[in-house]
Amino acid sequence: MKFQLLYPLLIIIASSSYGILSTIIKVAMGQGFTSGEAVTSQYMFGFFLALILFIFTQRSLPRLNKTGLFTIICAGIFTAATGIIYGKSLEYLTASLAVVLFFQFTWIGMFIDCILHKRMPTRPEIISLVFLLGGTILAAGILDKDLSAIAWQGWVYGLLAAASFATFIQINSRKVEGISTISRTLLMSFVALIVINIFLSPEILWNGTLINSHLWIFGLILGVFGIILPILLFSIAAPKVGGSLSSILSAMELPVAILASVAVLHEKLTILQVFGIVIVLIGMTLPTVIAQRKNTV
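Residues numbered from 1 in each chain as written. Predicted model: local features only at pLDDT ≥ 70, side-chain atom pairs only at ≥ 80, totals over all residues. Heavy atoms only, no water.

(A) Main features of helix H10 (residues 215–241). Maximum bend of H10: about 35°, positioned at Gly223. The positive-phi residue at the C-terminal boundary of H10 is Gly242, with phi of around 100°. (Bend = angle between axes of the 7 residues up to and from the residue. Helix = DSSP H or I, 4+ residues; strand = E, 2+ residues; numbered from the N terminus.)

(B) Representation of the nonpolar core. If you look at the biggest cluster of nonpolar residues, it comprises 80 residues, and the most contacted ones within it are Ile11, Tyr43, Phe105, Phe165, Phe168, Phe234 and Leu254. Take this core: its biggest share by element is 12 residues, from H10. Once you skip the residues sitting within four places of it in the chain, Phe234 turns out to touch Ile11, Ala14, Tyr18, Phe165, Phe168, Asn172, Pro239 and Ser250. (Core = buried A, V, L, I, M, F, W, Y, C linked by side-chain atoms within 4.5 Å. Buried < 20%, exposed > 50% of the residue type's maximum accessible area, 1.4 Å probe, protein only. Contact = heavy atoms within 4.5 Å.)

(C) Main features of the pattern of salt bridges. The tally for this structure, following the rule as stated, stands at two salt bridges. Here Lys88 ties to Glu91 by a salt bridge, and the two come within 3.3 Å at their closest N and O atoms. We classify Lys88 as partly exposed; its relative accessible area is 26%. With a shortest N-O distance of 2.6 Å, Asp113 and Arg119 are connected by a salt bridge. The class of Asp113 is buried, set by a relative accessible area of 6%. On the basis of relative accessible area, Arg119 is assigned to the partly exposed category, the value being 24%. (Salt bridge = Lys/Arg side-chain N within 4 Å of Asp/Glu carboxyl O.)

(D) Examining a nonpolar patch on the surface more closely. A grouping of Ile127, Phe131, Leu259, Leu269, Val274, Val278 and Ile282 is seen on the molecular surface, where their side chains present a nonpolar patch of about 510 Å² in accessible area. For the nonpolar patch, the elements supplying multiple residues, two or more each, are helix H7 (123–140) and helix H13 (271–296). Take the nonpolar patch: its biggest share by element is three residues, from H13. With respect to the helices and strands, Ile282 occurs in helix H13. With relative accessibility at 36%, the residue Ile282 sits in the partly exposed group. (Patch = residues over 30% accessible without salt bridge, like charges linked within 9 Å, V, L, I, M, F, W, Y side chains within 5 Å. Areas by Shrake-Rupley, 256 points an atom, 1.4 Å probe, with all protein chains shown as cover.)

Spelled out as structure tokens, the structure:
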């Protein structure tokens, strides 16, 4: 059967939507809000939007078996954990450097997939990973920067966010029978909202910060691009594509994040960074191209 390009494309769109989050949170922080307030508003609006979609498209919540319910709860927990930890990393790092550390989910996700399925990385995966890591170093523009002044907390939070997101991709690549994509999105966003309200800033809902300031604008944008689009698209495509390839295709987040930081935050973009972005895109598309050729032979 001919390899379907639709599902890889959905993964790329989902990861691209994640790519603009760091820039939006940085802008919110520049307006006087904390990263915790921005991330909390993201998950509040994300759940609200998911609820609206559910009300207009679904009749009732499905009955899930224990395995399916456990999968969705875990996916929701790691969705929230990624948002919490990534938001903390932005308190110590620039938007571009934060996304570079977060981008390490590509190789972390591939190795998690190999461990779970008790296999070795395939040749296309290894070649793709070399391209991705090499392109990441160039695209980040870190070769000519003094990294010694960056607080150790930034490095730790950045890599923990990468590990959390890699775990989310692996969990979300598992099929859950008897549930629609929108119902799955609603349940995951509900679990994530509970976790967020435990660890971050739920008080923005009752002290007026969310509605009586510009925070609701950031929350709405973050909710669409950080919850609705990625969870919906990952839920549709990741089970079809698989955890390893999903991690590789999600590399699109890096060039989108860097370009967003350049356009909005006016961070500098060098020729080396452009070259790095091109290399990342090549590494990201290699497995898809190779798989398509194998299936057409």
